[in-house]
Amino acid sequence: MSTVTLAAISAARRGHALGRTLLIAAAWLAFALLLLLPLYIVLSEALKQGLGTFFTALIEPDALSALKLTLIAVAISVPLNVVFGLAAAWCVSKYEFRGKSLLVTLIDLPFSVSPVIAGLIYVLLFGAQGFFGPWLQDRDIQIIFAVPGIVLATVFVTVPFVARELIPLMQEQGSQEEEAARLLGASGWQMFWHVTLPNIKWGLIYGVVLCTARAMGEFGAVSVVSGHIRGVTNTLPLHVEILYNEYNHVAAFSVASLLLALALCILLLKQWSESRLTRLKSNAAEE
Amino acid sequence: MSIRRFALAALAGLSLSAAVQAQTSLLNVSYDPTRELYQEYNAAFNKHWQAQGHEPVTIQQSHGGSGKQARAVIDGLKADVVTLALAGDIDELNKLGKLIPEDWQKRLPQASTPYTSTIVFLVRKGNPKQIKDWDDLVKPGVEVITPNPKTSGGARWNFLAAWAYAQQKYGSDDKAQAFVEQLYKNVPVLDTGARGSTITFVNNHIGDVLLAWENEAFLALKEQGGDQFEIVAPSLSILAEPPVAVVDKNVDKKGTRELANAYLNYLYSEEGQRIAAKNFYRPRSEKVAAEFAKQFPALKLVTIDKDFGGWKSAQPKFFNDGGVFDQIYQAK
Amino acid sequence: MSRRTSPVIPGFGLTLGYTLVYLSLLVLIPLGAMFAHAAQLSWAQFWAIVSAPRVVAALQLSFTTALFAALLNGIVGTLLAWVLVRYRFPGRKIIDAMIDLPFALPTAVAGIALTALYAPAGLVGQWAQALGFKIAYTPLGITLALTFVTLPFVVRTLQPVLEDIPREVEEAAACLGAKPWQVFRYVLVPAVLPAWLTGFALAFARGIGEYGSVIFIAGNMPMKTEILPLLIMVKLDQYDYRGATSIGVLMLVVSFVLLLLINLLQRRIEKR
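S.K.: So what exactly am I meant to see when it comes to the overall build of chain C here?
M.R.: A count of helical and extended segments in chain C gives 13 helices and 0 strands. Along chain C, helices (α) and strands (β) appear in the sequence α-α-α-α-α-α-α-α-α-α-α-α-α when read from the amino end. The dimensions of chain C, computed from C-alpha atoms along their principal axes, are 70 × 65 × 30 Å. Buried residues in chain C amount to 62% of all 272 residues. Long-range contacts, defined here as pairs at least 24 residues apart, represent 74% of the contacts in chain C between residues at least 6 apart. A total of about 10,600 Å² of accessible surface is found on chain C, and carbon and sulfur atoms cover 69% of it.

See below:
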């Protein structure tokens, strides 16, 4: 079926202005139907009863505590995965070793594991009936249905994001610059701070942005381990669900539009880091 | 090494802060439609508790499908009290989690059920499909909204009410099964919780009739204004008994037994009963029931214990894997 | 088990060690716990669980909706990628930036928004209703939700590859007398196919496991509109840990195989 599209594409490629216009129109239509319409719905439902109700929903204590918890989850999971992403990208891109494909696949795994499974595995490990459950209970340590469980689930689903961005970038850049730095007498850390990091800066930011987006918005995995205690273990996406289930349609969409606004900010950041990245690449190519 | 120490310290800190909080907080793990009830009740209880010379307490709420909530408590959600949709779910806290004694239902009056409800029909204004009784639900072209009995407590009461009607009218289990099978063929959406079904019916305009807790139906009328929906009482329904219990293992650990007991006992007080009635639950107190008599239509009701032999026999027969509910879905 | 090729650059032991420890603690041991849990079952018991009609129906539903969503993305995504790479037109930058919206938007928000849109009373739903069909609470609704959530995959994997094909190659082929379909068949398809398949497989893998955006719109009817991840949730809520872990193991194996496939494809792209 995409054969049809591609055929159309190559026809247009030969200078048919009409085909070109049609393709652009089709792209706009697809974009509007698939992406703009859901955006519009969120905003219009949120503002149905005016700005007053909209803001009341946002400054309500439960919404604020959900926001706080979401930020905590982001603040812990993103740095952890940045360090991991750097380490993983380093060993995958700078060295050859057996089992590398397997390692890369394992790094990617959380990306395609169903979020429900991501939650389930922590219940199996840390739940009262789970492997470590009795041990934890004796020591009065609460992991699932508390903040640590939510953070763990968030870290799990965001493991691959930074590594996935850095691995191809660092593979492309090769190791000559680092080798030169070493030969000139730089220590390992000096080489990393002054040579590697500046080179991968924009890719790293891009990865961080994607990681933040996912950490902020995770629903399925967090839902399994949250316990849904209002004001205590609810993240923003869970709070949206709760409001939606409380006849509070407008408030649900108000909080949803807060998340949407955050998502749009993230897209802006992403666009900015991406454009820096491509500029960097084209500069490198010109040299 | 230092990371591990840091992690341990962080964990200890978090659990410590939880322990400090626990002295003045109480977690009530409840099912879906009680959100509004406990919002009001918690405020009233707090006043009552402070009037008795105690420090104010923070009462935390968690809501969801009844089975899901019981499972969370079994998996370690530190509930002080559970207020679930049916006794069968609280039984699991004893069976699977050893969190409460087997005779938990005898510890509070009225089999630990401070309020009751029943199952009624919510239809669209003017009752365009002329739905008057259970028989109208199996007619072709009628769309019935009810949640999944596997995950929702309310849905199990719905199922049993339909079953009881068909069994009494047509006289055998086989015919009752054929009847409910026909009924579930008319169900276009099967949500996981009672509240999800109400949202589907009320906000998303799916279906002709919602099988609902009476309190949930009244609440929908109140939230949406009476001009969109009507309540229809069927000729026979079931006495829905949502019980409450203190979770012994958790309150002993947290030292909240006194508070938890007081919290549940106050549900039986006149004020507690009145709040329940105001939120459309049928009160147990005869005095309060008389005050609200106009609100609740008199219905012929079967009960889970007399007509189904209690949840201990109804749950495996109808809802466990391979039970009647699975059979009617796999027959299709 | 491993060897260093670049003796000058330090940190192999440290980074590999850290990577392995981190992955083991966060990913492998927890996933292993699920396998260990499922391993308490005999093969016959495991088979009985995963071949139950309801599980098979959910499996079919999850696979077909994810497949159709990936196909739809294969078409729409190719179109978008091509237009974004080859043409300059008003709004191009906006579209390019917004393509990633489904990744940035929490899936629960996507779920309630799409339900509001496609429910019979919704903006699009009422049109469908008037035409006599339903979108929300049918497999069609699930497919649309999955299409939304996985939209960026095909676009983002195709874009760099399309950028790398010099237009001269096509023009040269055309000058040498190739017909448009020949240019397409012998120049474009071979060049973009591996990337297209990668994007397709990524969308497919993500679609099978997706939960948040789907449950609001799915309708959740056993045998009809109940997706596999929801069935895991349902089993879990019935205290059926064995059922839940068995289906979990099944899904995990599927996603692992898909990922291996994707990585092999990507190697082919890189070797080119």
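S.K.: Explain the overall build of chain B to me, please; I cannot follow it from the model alone.
M.R.: Summing up its helical and strand segments, chain B has 16 helices and 11 strands in all. Against the 2.2 N^0.38 benchmark of 20 Å for 332 residues, chain B shows a C-alpha radius of gyration of 21 Å, consistent with a compact globule. With respect to the principal axes defined by its C-alpha atoms, chain B has extents near 65 × 50 × 40 Å. Within the span of chain B, comprising 332 residues, buried residues form 62% of the whole. Residue pairs in contact within chain B that sit at least 24 positions apart in sequence constitute 75% of those at least 6 positions apart. Carbon and sulfur atoms make up 53% of the accessible area of chain B, which amounts to about 12,800 Å² in all.

S.K.: Would you mind showing me how to read the pairing of strand β1 (residues 25–31) of chain B here?
M.R.: Residue and element names in this part refer to chain B. Among the 7 residues of β1, 7 are classified as buried, and the element is accordingly described as predominantly covered. Neither face of β1 is open: one carries S25, L27, V29 and Y31, the other L26, N28 and S30, and all of them are buried. When β1 meets strand β2 (residues 58–64), the two strands line up parallel, connected through 7 bridges. In the strand pairing of β2, L26 is matched with I59.

S.K.: Any chance you could explain the interface of chain B and chain C here in plain terms?
M.R.: Frequently, the measure chosen for interface size is the accessible area removed from exposure when the parts meet. The interface is formed by 29 residues belonging to chain B together with 24 residues belonging to chain C. Each partner contributes to the roughly 2,200 Å² buried at the junction of chain B and chain C, and carbon and sulfur atoms together form 56% of this total. Counting across the chain B and chain C interface gives 5 salt bridges. Here B:R71 makes a salt bridge to C:D237, at a shortest N to O gap of 3.4 Å. Where chain B packs against chain C, one counts 6 residue pairs in polar contact (both at pLDDT 80 or more). Secondary structure elements with two or more residues in the side of chain B that touches chain C: α3 (66–74), α4 (87–95) and α16 (324–330) of chain B. The biggest single contributor to the side of chain B that touches chain C is α3(B), with 5 residues. By residue class, the composition of the side of chain B that touches chain C is 10 nonpolar, 8 polar and 11 charged.

S.K.: I tried to follow helix α6 (residues 153–170) of chain B on my own but got confused; where do I start?
M.R.: An α-helical segment advances 3.6 residues per turn. Residues three or four places apart therefore align on the same side. All names here are of chain B. The terminal C-alpha atoms of α6 lie 26 Å apart, and with 18 residues this matches the ideal 26 Å at 1.5 Å per residue to within 8%. Burial analysis of α6 places 14 of its 18 residues in the buried class, the great majority of the element. Residue S152 occupies the N-cap position of α6, its side-chain oxygen lying 3.3 Å from the main-chain nitrogen of G154.

S.K.: Whenever I open this one, a nonpolar patch on the surface confuses me. Can you help?
M.R.: Residue and element names in this part refer to chain A. A surface patch of nonpolar side chains, about 300 Å² in accessible area, is lined by L47, L51 and F55. Structurally, F55 is set in helix α3 (residues 50–59). Of the residues examined, F55 reaches a relative accessible area of 45% and is grouped as partly exposed.

S.K.: Mind showing me how you'd approach the domain arrangement of chain B here?
M.R.: Residues and elements named next belong to chain B. Looking at the assigned domains, one finds that chain B contains domain 1 (2–113 + 241–291) and domain 2 (116–240 + 299–330). Inter-centroid distance (C-alpha atoms) of domain 1 to domain 2 is 27 Å. Opposite the 23 residues of domain 1 that make contact, domain 2 presents 24 residues. Regarding the contact of domain 1 and domain 2, the summed buried area is about 2,000 Å², with carbon and sulfur atoms giving 55% of it. Considering only the side of domain 1, the residues that lose the most area to domain 2 are E241, F280 and R282, jointly responsible for 38% of the buried surface there.

S.K.: Would you mind showing me how to read the domain arrangement of chain C here?
M.R.: All names here are of chain C. Split into domains, chain C comes out as domain 1 (11–40) and domain 2 (42–271). In this complex, domain 1 contributes 6 residues to the contact, which on the side of domain 2 involves 8 residues. In total, domain 1 and domain 2 occlude about 660 Å² of area from one another, counting both sides; carbon and sulfur atoms represent 77% of this. When the buried area of domain 1 at its contact with domain 2 is split by residue, M34, F35 and H37 rank highest and sum to 60% of it. Inspection of the domain 1/domain 2 interface yields 0 salt bridges. Our count for the domain 1 to domain 2 interface comes out at 0 residue pairs in polar contact (both at pLDDT 80 or more). Per-class residue counts for the side of domain 1 that touches domain 2 are 4 nonpolar, 2 polar and no charged.

S.K.: How should the packing of aromatic side chains be read in this particular structure?
M.R.: When we look at a pair of aromatic rings, we describe it by the centre distance and by the angle of the planes. Scanning the entire structure with this criterion turns up 49 aromatic pairs over all chains. With a centroid separation of 5.8 Å and an interplanar angle of 65 degrees, the aromatic rings of C:F63 and C:F204 are classed as edge-to-face. One end of the pair, C:F63, is in helix α3 (residues 53–86); the other, C:F204, is in helix α10 (residues 180–209), with 141 residues separating them in the sequence. Looking at C:F204, the relative accessible area reads 12%, which means it is buried. Chaining the aromatic ring pairs together yields one cluster made of B:F159, B:W163, B:Y184, B:F308, B:F318, B:F319, B:F325 and B:Y329. The aromatic ring of A:F111 is capped on one face by A:R164, whose charged end is 5.2 Å from the ring centroid. Above the face of the B:F201 ring, B:R124 is positioned so that its terminal group lies 4.0 Å from the ring centre.

S.K.: Even after reading the chapter, I still don't get the interface of chain C and chain A, so can you show me in this structure?
M.R.: Between chain C and chain A, the residue contacts involve 106 residues of the former and 100 residues of the latter. Both sides together, the interface formed by chain C and chain A hides about 9,200 Å², and carbon and sulfur atoms give 79% of it. Salt-bridge contacts for A:K270 lead to C:D100; the nearest nitrogen and oxygen are separated by 2.1 Å. Looking at the side of chain C that touches chain A element by element, the count peaks at 17 residues for helix α1 (residues 12–39) of chain C. By residue class, the composition of the side of chain C that touches chain A is 74 nonpolar, 19 polar and 13 charged.

S.K.: What should I look at first to understand the sheet that holds β1(B) in this one?
M.R.: Across a sheet, paired strands are connected by hydrogen bonds in the backbone, their directions being either parallel or antiparallel. Residue and element names in this part refer to chain B. In space, the 4 strands of this open sheet follow the order β2-β1-β3-β9, with mixed pairing throughout. Lying at the two open borders of the sheet, with one neighbouring strand each, are β2 and β9 (244–246). Neighbour-to-neighbour, the strand axes of this sheet turn through a mean angle of 20 degrees, independent of strand direction.

S.K.: Is there a simple way to think about the pattern of salt bridges in this case?
M.R.: A side chain of one charge can pair with a side chain of the opposite charge if their charged atoms are brought near each other. Residues and elements named next belong to chain B. Counting across every chain of the model gives 44 salt bridges over all chains. As a salt-bridge pair, R195 and E36 come within 3.2 Å of each other at their nearest N and O atoms. Remark: E36 occurs in helix α2 (residues 35–51) and R195 occurs in helix α8 (residues 194–202); sequence separation between them is 159 residues. In this structure, K278 engages E40 in a salt bridge whose closest nitrogen and oxygen atoms are separated by 3.1 Å. Of this pair, K278 sits in helix α12 (residues 270–278) while E40 sits in helix α2, and the two are 238 residues apart along the sequence.

About the thresholds
- Residues numbered from 1 in each chain as written.
- Chains lettered and ligands numbered in written order.
- Predicted model: local features only at pLDDT ≥ 70, side-chain atom pairs only at ≥ 80, totals over all residues.
- Heavy atoms only, no water.
- Helix = DSSP H or I, 4+ residues; strand = E, 2+ residues; numbered from the N terminus.
- Buried < 20%, exposed > 50% of the residue type's maximum accessible area, 1.4 Å probe, protein only.
- Contact = heavy atoms within 4.5 Å.
- Areas by Shrake-Rupley, 256 points an atom, 1.4 Å probe, with all protein chains shown as cover.
- Rg over C-alpha atoms; globule rule 2.2 N^0.38 Å.
- Pairing = 2+ DSSP bridges.
- Buried area = accessible area lost by both parts, 1.4 Å probe.
- Salt bridge = Lys/Arg side-chain N within 4 Å of Asp/Glu carboxyl O.
- Polar contact = N/O pair within 3.5 Å; in protein donor to acceptor, adjacent residues only side chain to side chain.
- Nonpolar A, V, L, I, M, F, W, Y, C, P; charged D, E, K, R; others polar.
- Expected span 1.5 Å × (residues − 1).
- Patch = residues over 30% accessible without salt bridge, like charges linked within 9 Å, V, L, I, M, F, W, Y side chains within 5 Å.
- Domains from an automatic or database assignment.
- Phe/Tyr/Trp six-rings, centres within 6.5 Å; stacked < 30°, edge-to-face > 60°.
- Lys NZ or Arg CZ within 6 Å of the ring centre and 35° of its normal.
- Axes fitted to C-alpha atoms, helices over the stretch in contact; angles between N-to-C directions.

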